[in-house]
Structures are given as structure tokens and as C-alpha cells.
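# Summary of the model geometry
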Amino acid sequence: GGNDGRDKRPPHAEFPTSRSIVVTPRGQIVLIYLSVLGAVAFGLSAIFIMRIWPPPSPALSDAEVADFYRQHSDSVGMGGVVLIATAGFNVPISCVVTSQMLRLGRKVLPWALIHATGAGLMTVWLAIPAMFWSVAAFTPERDAGLTRLLHELSWLCFATSIQFFVLQAVAL
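Calculation criteria
Residues numbered from 1 in each chain as written. Predicted model: local features only at pLDDT ≥ 70, side-chain atom pairs only at ≥ 80, totals over all residues. Heavy atoms only, no water. Buried < 20%, exposed > 50% of the residue type's maximum accessible area, 1.4 Å probe, protein only. Helix = DSSP H or I, 4+ residues; strand = E, 2+ residues; numbered from the N terminus. Arc of directions from axis to C-beta. Axes fitted to C-alpha atoms, helices over the stretch in contact; angles between N-to-C directions. Parallel < 35°, antiparallel > 145°, perpendicular 65-115°, else oblique. Contact = heavy atoms within 4.5 Å. Nonpolar A, V, L, I, M, F, W, Y, C, P; charged D, E, K, R; others polar. pLDDT = per-residue confidence, 0-100. Salt bridge = Lys/Arg side-chain N within 4 Å of Asp/Glu carboxyl O. Core = buried A, V, L, I, M, F, W, Y, C linked by side-chain atoms within 4.5 Å. Phe/Tyr/Trp six-rings, centres within 6.5 Å; stacked < 30°, edge-to-face > 60°.

## So, helix α2 (residues 62-71)
Listed as buried for α2 are Val 65, Ala 66 and Tyr 69. Along the long axis of α2, the arc covered by the buried residues comes to 95°, so they all point the same way.

## Considering the packing of helix α4 (residues 90-102) against helix α5 (residues 109-138)
Direction vectors running N to C along α4 and α5 enclose 175°, while the axes themselves pass 9 Å from each other. The pairing of α4 with α5 is recorded here as roughly antiparallel in orientation. Counting all contacts with α4, which are made through Asn 90, Val 91, Ser 94, Val 97, Thr 98, Met 101 and Leu 102, the residues of α5 involved are Leu 109, Trp 111, Ala 112, His 115, Ala 116, Ala 119, Met 122 and Thr 123. A per-class count over the contact of α4 with α5 returns 10 nonpolar, five polar and no charged.

## What to know about the side chain of His 115
Tracing the backbone through its elements, the reader meets His 115 in helix α5. Given the relative accessible area of 4%, His 115 is considered buried. Sequence-distant contacts of His 115, that is, excluding residues within four places in its chain, are made with Ser 94, Val 97, Thr 98, Met 101, Gln 168, Ala 171 and Leu 172.

## Brief notes about the confidence of the model for the chain
Averaged over every residue, the pLDDT of the chain is 88; the share at 70 or more is 87%. Of all the helices and strands in the chain, helix α7 (residues 162-171) carries the lowest mean pLDDT, 89, while α2 carries the highest, 96.

## Topic: the pattern of salt bridges
Tallied over the entire structure, the rule returns two salt bridges. In this structure, the salt-bridge partner of Arg 148 is Glu 152, at a minimum N-O distance of 2.7 Å. With Arg 148 and Glu 152 both in helix α6 (residues 144-160) and four residues apart, this pair spans about one turn of that helix. For Arg 148, a relative accessible area of 15% translates into the label buried. Each of Asp 62, Arg 148 and Glu 152 takes part in a single network of salt bridges with overlapping partners.

## Thoughts on unusual backbone geometry
Between Trp 53 and the following residue, Pro 54, the backbone shows a cis peptide bond with an omega angle of 0°. The backbone phi angle of Arg 51 is positive, close to 60°, even though this residue is not glycine. As for its position among the elements, Arg 51 is in the loop between α1 (25-49) and α2.

## What to know about the nonpolar core
Core analysis: the largest hydrophobic core is formed by 20 residues, its most contacted members being Tyr 69, Leu 83 and Trp 133. Elements with a minimum of two residues in this core: α1, α2, α3 (73-86), α5 and α6. Looking at this core, the element that brings in the most residues is α5, giving seven residues. The residues contacting Tyr 69, other than those within four sequence positions of it, are Val 76, Trp 133, Ala 136, Ala 137, Pro 140, Thr 147 and His 151.

## Observations concerning the packing of aromatic side chains
Scanning the model with the defined rule gives nine aromatic pairs in all. Summarising the aromatic geometry, the rings of Trp 53 and Phe 158 are spaced 6.4 Å apart at their centres and angled 65° between planes, so their arrangement reads as edge-to-face. Here Trp 53 is found in the loop between α1 and α2, whereas its partner Phe 158 is found in helix α6, with 105 residues between them in sequence. When its relative accessible area of 21% is taken as the criterion, Phe 158 is described as partly exposed. One aromatic cluster in this structure is built from Phe 42, Trp 53, Phe 89, Trp 133, Trp 155 and Phe 158.

Given below as C-alpha cells:
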């Protein structure tokens, strides 16, 4: 079979273009503001509601860590809900950036996908420590060693979440 002039690519080979992915300038502005609002709510919740920032000393004993969760059980639990709800603050702005990257053509498709994937992974990786902090606060009378384990697991997950921001930055 010769080439009869028709495009023989399968439908799934279509590349999304600026015409097929329409995000109006106004929509992009709204998405950027949503990200800023979510990031501010996330940070304020961590600092003022949960009182987990700045991070406590790793030299605290099991009893001291457990005592923190006993004293702040309600605020850590409520703040954890806010953190979980706003953990996706990076997604709206990443949608804007990814759609702008796609306008550059097929050559940047892998980088645009890496950028978008980084946003999704960041959401999950920020919600996980918030869940662990909330679990630590939910039953403050549990064994102090278990509370410290949840506390440390939360901080390690939170501290290592930076990898996804780096992944997004490399994609740019």
C-alpha cells in the first residue's frame, strides 16, 4: 500500500495542542490563585493550627512527643484535615504550566507529563504525613513509643516530599 495522502496515524497518536487544550487566560489566573490560596491555607494550618512548624527537636523523648499530641490533640486533628484538604495546592498551577508546556509541541511532551505527574505525586506525599499526624493525635493515650513512631514517620515523609518539586523543576 502506497501513501494515498491521508494521515494513517491511529487516533490515540494525536498530540494535544493549544487548540485541543483550552485554558483561557482568565481560567489560568483562577487556577494560579487557587494554588496560592491552597499553599497559604496549608502553611497557616501547619504553623498556627497544628503547631508543627518549626519541627520539634528530634532529641525529644517518647514521653515528650506523646505529651505534645495529648496537649494538642484537637488542633493537630483539625489541622490535619485542613492539610489533607489543601495538599493538592500544587495541582492547579501545575495544570497551567503543563498546558503552557504542551503549546511548545511534541518535543516537550515527556517533560510536560513529568511535570504533571510530579504535581499528583506531591499531593499524595503531602497528604500522607498529615494523615499520620492526625492518627497520632486521634488516640493520644496510646503507647508513647507508637505515638513517636507516627510522629517521626510523618516528618520523614514530609521532609522527603521535596523530591517531587525537584522533579517538576527539572521538567521545566
